[in-house]
Amino acid sequence: MQDTLESYITESRINVDSRTYKTKSLDKKATLKQHEKSKTHFHHKKSLGQHFLHDSVILDRIFQSIPQDIAAEIDKSVRLIEVGIGLGDLTKRLLSKYSLLAYEIDYDLITQAEKNYHHEIETNRLQLVQADVLKVRHNDSYLLSSDYFLVSNLPYYIATAIILQALKDTHCKGFLVMTQKEVAQKFCAKQKDSTYCSLSLLAQSFGDISYLFSVPKEAFNPPPKVESAVFCFKRGKCHYTQDLESLLHFAFLAPRKKLFSNLMQYDKLRDKAMLKHIFQTMQLDENVRAHEVGLQEYCDMLHIYNAMKKDKQ
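Residues numbered from 1 in each chain as written. Predicted model: local features only at pLDDT ≥ 70, side-chain atom pairs only at ≥ 80, totals over all residues. Heavy atoms only, no water.

**Section: the overall build of the protein**
Of regular secondary structure, the protein possesses 14 helices and nine strands. Within the protein, buried positions represent 50% of all 313 residues. Roughly 15,700 Å² of accessible area belongs to the protein as shown, and the carbon and sulfur atoms make up 50% of that amount. (Helix = DSSP H or I, 4+ residues; strand = E, 2+ residues; numbered from the N terminus. Buried < 20%, exposed > 50% of the residue type's maximum accessible area, 1.4 Å probe, protein only. Areas by Shrake-Rupley, 256 points an atom, 1.4 Å probe, with all protein chains shown as cover.)

**Overview of the pairing of strand E5 (residues 148-153)**
Within a regular strand, side chains alternate between the sheet's two faces. With respect to burial, E5 is a largely interior element, six of its six residues being buried. Residues of E5 alternate between two faces, with Tyr148, Leu150 and Ser152 on one and Phe149, Val151 and Asn153 on the opposite face, all of them buried. Bridge count between strand E2 (residues 79-83) and E5: three bridges; the pairing is parallel. Its bridge partner being in E5, Arg79 is matched across the sheet by Tyr148. Pairing of E5 with strand E6 (residues 172-180), which is carried by six bridges, proceeds in the parallel orientation. Its bridge partner being in E6, Phe149 is matched across the sheet by Gly174. (Pairing = 2+ DSSP bridges.)

**Examining the nonpolar core**
Membership of the largest hydrophobic core comes to 68 residues, with the highest contact counts inside it found for Leu143, Phe175, Phe187, Leu259, Tyr298 and Met301. Leu259 has contacts with Ala251, Phe279, Val288, Arg289, Ala290, Val293, Tyr298 and Met301, leaving out every residue within four places of it along the chain. The next biggest cluster of nonpolar side chains, apart from the first, holds 34 residues, and it includes Leu90, Ile110, Phe149 and Leu176. (Core = buried A, V, L, I, M, F, W, Y, C linked by side-chain atoms within 4.5 Å. Contact = heavy atoms within 4.5 Å.)

**Some thoughts on the pattern of salt bridges**
One pass over the full model with this rule turns up seven salt bridges. With its nearest N and O atoms 2.7 Å apart, the salt bridge here joins Asp60 to Arg93. Placement of the pair is Asp60 in helix H3 (residues 56-64) and Arg93 in helix H5 (residues 89-95), with a sequence separation of 33 residues. By relative accessible area, Asp60 is classed as partly exposed at 31%. The partner of Lys268 in a salt bridge is Asp243, with the nearest N and O atoms 2.8 Å apart. (Salt bridge = Lys/Arg side-chain N within 4 Å of Asp/Glu carboxyl O.)

**Points about the sheet that holds E5**
One open sheet accounts for seven strands, arranged E4-E3-E2-E5-E6-E9-E7; its pairing is mixed. Sheet topology places strand E4 (126-130) and strand E7 (207-215) at the edges, where each strand pairs with a single neighbour. Within this sheet the neighbouring strands show an average axis-to-axis angle of 20°, counted without direction. Alignment of E6 against strand E9 (residues 228-235), held across seven bridges, turns out to be antiparallel. (Axes fitted to C-alpha atoms, helices over the stretch in contact; angles between N-to-C directions.)

**What about the packing of helix H13 (residues 272-281) against helix H14 (residues 295-312)?**
With their axes 10 Å apart at the nearest point, H13 and H14 run at an angle of 130° to one another. The orientation of H13 relative to H14 falls into the category oblique. For H13 against H14, the interelement crossing comes out right-handed. Here Met274, His277, Ile278, Phe279 and Thr281 of H13 come into contact with H14, specifically with Met301, Ile304, Tyr305, Met308 and Lys312. Across the contact of H13 with H14, the residue classes break down as seven nonpolar, two polar and one charged. (Parallel < 35°, antiparallel > 145°, perpendicular 65-115°, else oblique. Left-handed = near helix turned anticlockwise from the far one by under 90°. Nonpolar A, V, L, I, M, F, W, Y, C, P; charged D, E, K, R; others polar.)

**Focus: H14**
Under the 1.5 Å per step criterion, the end-to-end length of H14 is 26 Å for 18 residues, consistent within 8% with the ideal 26 Å. Residues of H14 that are buried include every one of Leu295, Tyr298, Cys299, Met301, Leu302, Ile304, Tyr305 and Met308, and no others. Contacts from the buried residues of H14 go to helix H10 (198-204), helix H11 (242-251), helix H12 (259-263) and H13. (Expected span 1.5 Å × (residues − 1).)

**Section: the confidence of the model for the protein**
Here the protein averages 87 in pLDDT, while 84% of its residues score no lower than 70. Taken as a whole, residues 4-38 scores under 50 in pLDDT and shows 65 contacts with residues more than four places along the chain or in a different chain. Taken as a whole, residues 45-49 scores under 50 in pLDDT and shows nine contacts with residues more than four places along the chain or in a different chain. (pLDDT = per-residue confidence, 0-100.)

Laid out in structure tokens, this is it:
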């Protein structure tokens, strides 16, 4: 199946009301004891794809991987956001230094977090929002109507959809996320890599993206069936257009076929003579495959096409 925005996201314009939870202060030692006890007795929900990261080394590596320039702006011009708080291990690391806005769909986990982080909630260092994150909208923005940076162990079954929405939201200054390893490889793949696809190019069209490290199954409870990985995106010069996304969709329609043949399926490039002219102008071999072509070349294709279209008018 082709990896595109439409494959993963059903657009929704539902504005989700925020619920901020406040509780009375308790002794910190009692809070820690309650936190450990609740982690032991919580049963994960398979329907929500819950796999809770508990490896302290991995948690520290994620925390330390927040880009320094972004870290310097958190709580100033940038808000820190977490999606899917789980049992709160990553939440705890983030709260050790920053204030946090956290989204969670599971009411049981929200209730547990109220107890474990009552002090942070009371002092407005933590805002909990119970919501389906795929339906969250803040006017024309996604997770917030002002600048934010996302740090999260994303629920795997909706990770790609969340990432694509964050990429297209200009208020998202970047993200540091963990996903299924295969998904991370696709987003971070470089030209000529075997995993290079439309997702790789879409990510590159918004800024810089890099694969940081792999995470073994044993780092989770319960262990997932696949390995995981952490990767980071920072917004940069934008090359994205809707036409570019459409072009990439058709370019990788059948990855094993020649790029020329795939693009002949694109309604704007069905004129074989026009497509031949574009390839000749770019000195592209007609036998080239989609994964052998870089972002700038795809952008150049659109530029030449638009220039030819303008000349015909």
